[in-house]
Amino acid sequence: MPPGQPERQKVGHPSQKPERLIEMLVASSSKEGDWVLDPFFGSGTTGVVCERLGRSWIGIERNPDYCRIATTRLRRANPNP
């Protein structure tokens with residue numbers, strides 16, 4: 001991971017996990033085209049990683065502030081859905 005990348009990933013969620021960690025989990029437990037469920041979606045890291053790895057995903061988050069963070073982050077990661 002290039003220096004400084006973790007700081008660029010930070011979006012204001014207190015328990016946000018690094019994309020590289022989620023990437024390893026998703027890649028090791030699913031295949032391209034599979035569905036991934038994240039019942040604690042938070043800042044949307046799982047969705048961003050799944051988009052990059054060719055997985056479909058479902059994210060569940062009840063906090064409206066985190067929903068806004070995740071929506072903004074996903075739009076930036078994939079501006080042409």
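Not measured: the values here are computed from a predicted model. Per chain, the residues get numbers from 1 upward, laid out in the order the sequence is written. Under the rules for a predicted model, residues below a pLDDT of 70 receive no local features and side-chain atom pairs below 80 are neither given nor counted, while totals for whole chains, interfaces and linings still include all residues. Note that the side-chain values use all heavy atoms of the structure and ignore hydrogens as well as water.

**Looking at the overall build of the protein**
Part 1 of the reasoning: A tally of regular secondary structure across the protein gives four helices and two strands.
Part 2 of the reasoning: For the protein, the α and β elements follow one another from N to C terminus as α-α-β-α-β-α.
Part 3 of the reasoning: Partly exposed residues are those whose accessible area sits between 20% and 50% of the maximum for their type, while under 20% is buried and over 50% is exposed, using a 1.4 Å probe and protein chains only. Taking all 81 residues of the protein together, 30% fall into the buried category.
Part 4 of the reasoning: By definition, residues are in contact when any of their heavy atoms lie within 4.5 Å. Once local pairs closer than 6 in sequence are excluded, the contacts in the protein between residues at least 24 apart make up 51%. Only runs of H or I of at least four residues qualify as helices and only runs of E of at least two qualify as strands under DSSP, and these elements are numbered from the N terminus.

**Describing the environment of A70**
Part 1 of the reasoning: As for its placement among the helices and strands, A70 is situated in helix α4 (residues 64-77).
Part 2 of the reasoning: A70 sits in the buried class, given a relative accessible area of 3%.
Part 3 of the reasoning: Sequence separation between A70 and G47 is 23 residues; the distance between their C-alpha atoms is 8.5 Å.
Part 4 of the reasoning: Here A70 is in contact with F41, G42, S43 and G44, once residues within four sequence places are set aside.

**Section: the pairing of strand β1 (residues 35-38)**
Part 1 of the reasoning: Residues V36 and D38 of β1 are buried on one face, while the alternating residues W35 and L37, pointing to the opposite face, are not.
Part 2 of the reasoning: Handedness is read with the strands pointing away from the viewer; a crossover is right-handed when the path from the first strand over the helix to the second is clockwise. Assessed by its sense of winding, the connection that carries the chain from β1 through helix α3 (residues 45-53) to strand β2 (residues 56-59) is right-handed.

**Side note on the nonpolar core**
Part 1 of the reasoning: Only buried residues count toward a nonpolar core. Its members are Ala, Val, Leu, Ile, Met, Phe, Trp, Tyr and Cys residues joined through side-chain atoms within 4.5 Å. Core analysis: the biggest nonpolar cluster contains five residues, these being I22, V26, V36, V49 and C50.
Part 2 of the reasoning: At the level of secondary structure, the elements contributing two or more residues to this core comprise α2 (19-29) and α3.
Part 3 of the reasoning: Other than its neighbours up to four places away in sequence, I22 contacts K17, T45, T46 and V49.

**Topic: the packing of aromatic side chains**
Geometrically, a pair of aromatic rings is defined through the distance of the ring centres and the angle of the planes.
Part 1 of the reasoning: Planes of paired rings set the category: under 30 degrees apart is stacked, over 60 is edge-to-face and the rest tilted, where pairs are Phe, Tyr or Trp rings (Trp by its six-membered ring) whose centres lie within 6.5 Å. Counted according to the given criterion, the structure contains one aromatic pair.
Part 2 of the reasoning: Plain terms: the ring middles of F41 and W57 are 5.1 Å apart, the flat faces sit at 15 degrees to each other, and that makes the pair stacked. With F41 in the loop between β1 and α3 and W57 in strand β2, the pair connects residues that are 16 residues apart, well separated along the chain.
Part 3 of the reasoning: For F41, a relative accessible area of 9% gives the class buried.

**A closer look at α2**
Part 1 of the reasoning: Of all the residues in α2, the buried ones are E19, I22, E23 and V26. Down the axis of α2, the sector holding all buried residues measures 105 degrees, keeping them to one side. Facing away from the buried side of α2, by more than 90 degrees, are the exposed residues S28 and S29. The arc in question is traced by the directions running from the helix axis to the C-beta atoms.

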